[in-house]
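# Residue-level structural notes
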Amino acid sequence: IRQNAHYNDMPIIVYAENCTDGTNEWLSNNEYNLEYYIENNKIEKGIGGGMDFCVSKSQTEFVNIIHSDMWIAPNQDLELLKLYDDIGDTKLIASSFRIQPRIFLNDPEYRPGTVFLEKEEYGAYAEDFNSDGFDNWAEEFMKLDNEPVRKGGGAGFFCRVEDYKWIGGNDDLFRPASWEDKDLFMRMQMEGYKFIMTSKSLIWHFTSRTSRFPNGTKELDNSKRPAHI
């Protein structure tokens, strides 16, 4: 974010819950001017509750929700912000096209808003990720004339803080599971929110490393695991 965001001095709020992998120690010694919150909870907030918590701490007009298994391409934030020009009071959920390695058995080449690349192209893990190569690829991809998709990016999206709060955020009923976004977007749709997922803004998604693989995740033959279980 500090490297690739257009507004790379934006406040960054991090919520870390029940981490045992060194995350807390890393946050305590980071050099990136982060506002971070570390909690150990018997009743977990989970992904949805963590998002709600971060939004509650935001002091800006817009919030850019980015999950810990994502890398943003250059100007990811600026291209989403442009979608709010001249829309008045329309409640808009803006999302980036998602680029991710093909690591599940039934991953296609493309589904609306998501492009799958072979994991050998840019890597499948943080430690072997070719970020410079991906950034260069992303800048070329964003020049293409791809049609936007009417879709919300459950794992990360951009919106006005007041619009997130107006709908009430995620429902505690789903915590700590990771499918609360479907309920959130259905409620937004029923209230007339507009959804745009644009290919002019991209994220690389390491794709569910923490929720679908044990212990972070090299214990499985990933190619034999279905994407939806």
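Below or above, wherever it landed, is the structure these notes cover. Position numbers for residues count from 1 along each chain, tracking the sequence in the order it is written. Totals for whole chains, interfaces and linings use all residues, but because this is a predicted model, local features are given only for residues with pLDDT of at least 70 and pairs of side-chain atoms are given and counted only at 80 or more. Calculation of side-chain values draws on the structure's entire complement of heavy atoms; hydrogens and water are dropped beforehand.

## Regarding the packing of aromatic side chains
- Ring pairs shown here join Phe, Tyr and Trp side chains whose ring centres sit within 6.5 Å, with only the six-membered ring taken for Trp; geometry is labelled stacked below 30 degrees between planes, edge-to-face above 60, and tilted in between. Under the defined criterion, the tally for this structure stands at 21 aromatic pairs.
- Measuring from centroid to centroid gives 6.3 Å for Tyr 122 and Phe 134, while their planes differ by 75°, and the two rings are edge-to-face. Taken as a pair, Tyr 122 in helix α4 (residues 119–122) and Phe 134 in helix α5 (residues 131–141) lie far apart in primary sequence, 12 residues in all.
- Residue burial is assigned from relative accessible area. The probe radius is 1.4 Å, only protein chains are included, and a residue is buried under 20% of its type maximum, exposed over 50%, and partly exposed in between. With relative accessibility at 11%, the residue Tyr 122 sits in the buried group.
- The buried category is assigned to Phe 134, whose relative accessible area is 0%.
- Ring geometry for Trp 137 against Phe 141: centres 5.0 Å apart, planes inclined by 20°, an arrangement best described as stacked. A residue pair is termed a helical-turn pair when its members lie 3 or 4 positions apart in one helix, as Trp 137 and Phe 141 do in helix α5 at four residues.
- By relative accessible area, which is 22% here, Trp 137 ends up partly exposed.
- On the basis of relative accessible area, Phe 141 is assigned to the buried category, the value being 11%.
- Taken together, the ring pairs in this structure connect Trp 71, Phe 97, Tyr 122, Phe 129, Phe 134, Trp 137, Phe 141, Trp 204 and Phe 206 into an aromatic cluster.
- For a Lys NZ or an Arg CZ to count as sitting over a ring, it must be within 6 Å of the ring centre and within 35 degrees of the ring normal. It is Lys 91 that lies over the ring of Trp 166; its NZ or CZ is 4.7 Å from the centre. Strands are runs of DSSP state E lasting at least two residues, helices are runs of H or I lasting at least four, and both sets are numbered from the N terminus onward.

## Some points on the pairing of strand β2 (residues 34–39)
- Paired strands, as defined in this entry, are two strands with at least two bridges between them according to DSSP. The pairing of strand β1 (residues 12–17) with β2 spans six bridges and is parallel. In the sheet register, Ile 13 faces β2, and the bridge partner there is Glu 35.
- A right-handed crossover is one whose linking path, passing over the helix from the first strand to the second, runs clockwise when the strands point away from the viewer. Regarding the hand of the β-α-β motif, the stretch spanning β1, helix α1 (residues 23–28) and β2 is right-handed.

## Focus: the side chain of Asp 77
- If you trace the backbone, Asp 77 turns up in helix α3 (residues 76–82).
- In this structure Asp 77 is buried but unpaired, with Arg 2 as the nearest side chain of opposite charge at 9.1 Å.
- A polar contact of 2.8 Å, which involves the side chain of Asp 77, links it to the backbone nitrogen of His 6.
- Here a residue-residue contact requires only that any non-hydrogen atoms of the pair lie within 4.5 Å. When near neighbours in sequence (up to four residues on either side) are disregarded, Asp 77 contacts Ala 5, His 6, Tyr 7, Met 10, Asn 64 and Phe 158. Neither His nor the chain ends contribute to the count of charged residues, in which Lys and Arg are positive and Asp and Glu negative. By definition, a salt bridge exists where a carboxyl oxygen of Asp or Glu is found within 4 Å of a side-chain nitrogen of Lys or Arg. Here a polar contact is recorded for every N or O atom pair within 3.5 Å, except that within protein the pair must consist of a potential hydrogen donor and a potential acceptor, and residues adjacent in sequence are included only if both atoms are side-chain atoms.

## Here's the deal with the pattern of salt bridges
- A complete count under the given rule lists six salt bridges for this structure.
- A salt bridge links Arg 102 to Glu 118, with the nearest nitrogen and oxygen atoms 2.0 Å apart. Within this pair, whereas Arg 102 is found in the loop between β5 (92–101) and β6 (110–111), its partner Glu 118 is found in the loop between β7 (114–117) and α4, the two being separated by 16 residues in sequence.
- By relative accessible area, Arg 102 is classed as buried at 17%.
- Between Asp 163 and Arg 160 there is a salt bridge, with the nearest N and O atoms lying 3.6 Å from each other. With respect to burial, Asp 163 and Arg 160 carry one shared label: buried.

## Observations regarding empty space enclosed by the protein
- Using a grid of 1 Å spacing that covers the protein atoms alone, one calls a set of points a cavity when a 1.4 Å probe fits there but cannot get out, and a pocket when the set is open and has protein on both sides within 12 Å along at least five of seven lines; lining residues are those with an atom within 4 Å of a point. Grid points are joined across faces, edges and corners, and a volume is the space filled by probe spheres set on the points. Scanning the entire structure with this criterion turns up two cavities of 30 Å³ or more.
- Computed from the structure, the largest cavity encloses a volume of approximately 80 Å³.
- Residue lining of the largest cavity: 15 residues in total, with Gln 76, Ser 96, Gly 156, Phe 157 and Ile 203 positioned closest to the centre.
- Contributions of two or more residues to the lining of the largest cavity are made by α3 and β5.
- Ranked by the residues each element gives to the lining of the largest cavity, the list is headed by β5, at four residues.
- Here the residues of the lining of the largest cavity sort into eight nonpolar, six polar and one charged.
- Reported here for the second largest cavity is a volume of approximately 40 Å³.
- Lining the second largest cavity we find Lys 45, Gly 48, Gly 49, Asp 52, Asn 170, Asp 171, Asp 172, Phe 174, Arg 175, Pro 176, Ala 177 and Glu 180. Gly is put with the polar residues, along with every residue not named as nonpolar or charged; the nonpolar set is Ala, Val, Leu, Ile, Met, Phe, Trp, Tyr, Cys and Pro, and the charged set is Asp, Glu, Lys and Arg.

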